[in-house]
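Observations on the three-dimensional arrangement
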Amino acid sequence: VDRSEFSRRITETLELVPRPWVHLHPCGVLDQDGELELWETPGHSGAASFAGSDAGGAVPVRVPVRDVGRMLPPLAAGRSWAAKVDVEGVEMRILPSLLAMPGMRFVVAEVSHLDHAQRLWNIVRSNGHAIFGVSRSKMVSRLEPITAPRDMGRFEDVLIAHLDGATFDRPASPEQVAAR
């Protein structure tokens, strides 16, 4: 398996500025174990995708992938956790597992190219989570409640949150808040 330039640069950065609470797992996460082509644009840290690339100069690199539904539970056992998912078009291969895992506090995911808004909406609701669109300006980011699948199309990112007993229509009770 080739070593991803992206993984190498993250490793070098962590060596320069050690963060003992940060652990790099040099693999991709999807809904299966194996190897896939990661398309990287040399010199561009944010341009890598398992979904292919339209970027000029992108090159394929074989990288290991792990099933997020099997990889994350032992790492997060007994802890609260959060995730940022930006996988350029294959979000629905990861989100169902993430949103069903114990300890999930919130997940931020890119949805600007999501073709499965209804499916994501059903998964969010069935797991008892709330979903908010993230609106950004130069000075501030705001969360706006999403009340229907069609509303996701207005946002580039969404925040999906577990609200400890709250629902889309009812905030958490004072007892639920005090128990946090």
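Everything below is about the structure printed above this text.
Residues numbered from 1 in each chain as written. Predicted model: local features only at pLDDT ≥ 70, side-chain atom pairs only at ≥ 80, totals over all residues. Heavy atoms only, no water.

1. Considerations on the overall build of the protein chain
Assigned secondary structure in the protein chain consists of five helices and nine strands. Starting at the N terminus, the α and β elements of the protein chain follow one another as α-β-β-β-β-α-β-α-β-α-β-β-β-α. For the protein chain, buried positions account for 33% of its 180 residues. Intrachain contacts of the protein chain at a sequence separation of at least 6 include 61% that bridge at least 24 residues. When the accessible surface of the protein chain is totalled, it reaches about 10800 Å², and 54% of it is carbon and sulfur. (Helix = DSSP H or I, 4+ residues; strand = E, 2+ residues; numbered from the N terminus. Buried < 20%, exposed > 50% of the residue type's maximum accessible area, 1.4 Å probe, protein only. Contact = heavy atoms within 4.5 Å. Areas by Shrake-Rupley, 256 points an atom, 1.4 Å probe, with all protein chains shown as cover.)

2. Regarding helix α4 (residues 117-126)
Since the α-helix turns once every 3.6 residues, residues separated by three or four places project in the same direction. Within α4 the residues assigned to the buried category are L120, W121, I123 and V124. Down the axis, α4 shows its buried residues gathered within 165° of arc, on one side only. (Arc of directions from axis to C-beta.)

3. A few points about the pairing of strand β9 (residues 157-161)
Buried residues dominate β9, accounting for five of its five residues. With burial as the criterion, each face of β9 is covered, one bearing D157, L159 and A161 and the other bearing V158 and I160. Of the pairings in the sheet, the one linking strand β6 (residues 104-110) to β9 comprises five bridges and is antiparallel in character. By the bridge assignment, V107 is partnered in β9 with I160. (Pairing = 2+ DSSP bridges.)

4. Looking at the side chain of D157
Along the chain, D157 turns up in strand β9. Classification of D157 by relative accessible area gives buried; the value is 6%. Looking at D157, its side chain comes within polar contact range of the side chain of R136, at 3.0 Å. In this structure, D157 is in contact with K84, V108, A109, E110, V111, F132, G133, V134 and R136, ignoring residues within four places of it in sequence. (Polar contact = N/O pair within 3.5 Å; in protein donor to acceptor, adjacent residues only side chain to side chain.)

5. What about the sheet that holds strand β7 (residues 130-136)?
The five strands are arranged β5-β6-β9-β7-β8 in an open sheet whose pairing can be described as mixed. Edge positions in the sheet fall to β5 (81-85) and β8 (141-145), since each of these pairs with one other strand and no more. Averaged over all pairs of adjacent strands, the angle between their axes in this sheet comes to 20°, without regard to strand direction. (Axes fitted to C-alpha atoms, helices over the stretch in contact; angles between N-to-C directions.)

6. A short note on the pattern of salt bridges
On inspection of all chains with the given rule, the structure shows nine salt bridges. For E144, the salt bridge goes to R154, with nearest N and O atoms at 2.9 Å. Of this pair, E144 sits in strand β8 while R154 sits in the loop between β8 and β9, and the two are 10 residues apart along the sequence. Residue R154 is classed as exposed on the basis of its relative accessible area, which comes to 52%. (Salt bridge = Lys/Arg side-chain N within 4 Å of Asp/Glu carboxyl O.)

7. Remarks on the environment of L143
In this fold, L143 is placed in strand β8. When residues no more than four places from it in sequence are discounted, the contact partners of L143 are F132, G133, V134 and L159.

8. What about the environment of A161?
By the secondary structure assignment, A161 is in strand β9. A161 gets classed as buried once you look at its relative accessible area, which sits at 7%. Residues contacting A161, with those up to four places away along its chain left out, are R105, F106, H129 and A130.

Honestly, it's all geometry; don't read function into it.
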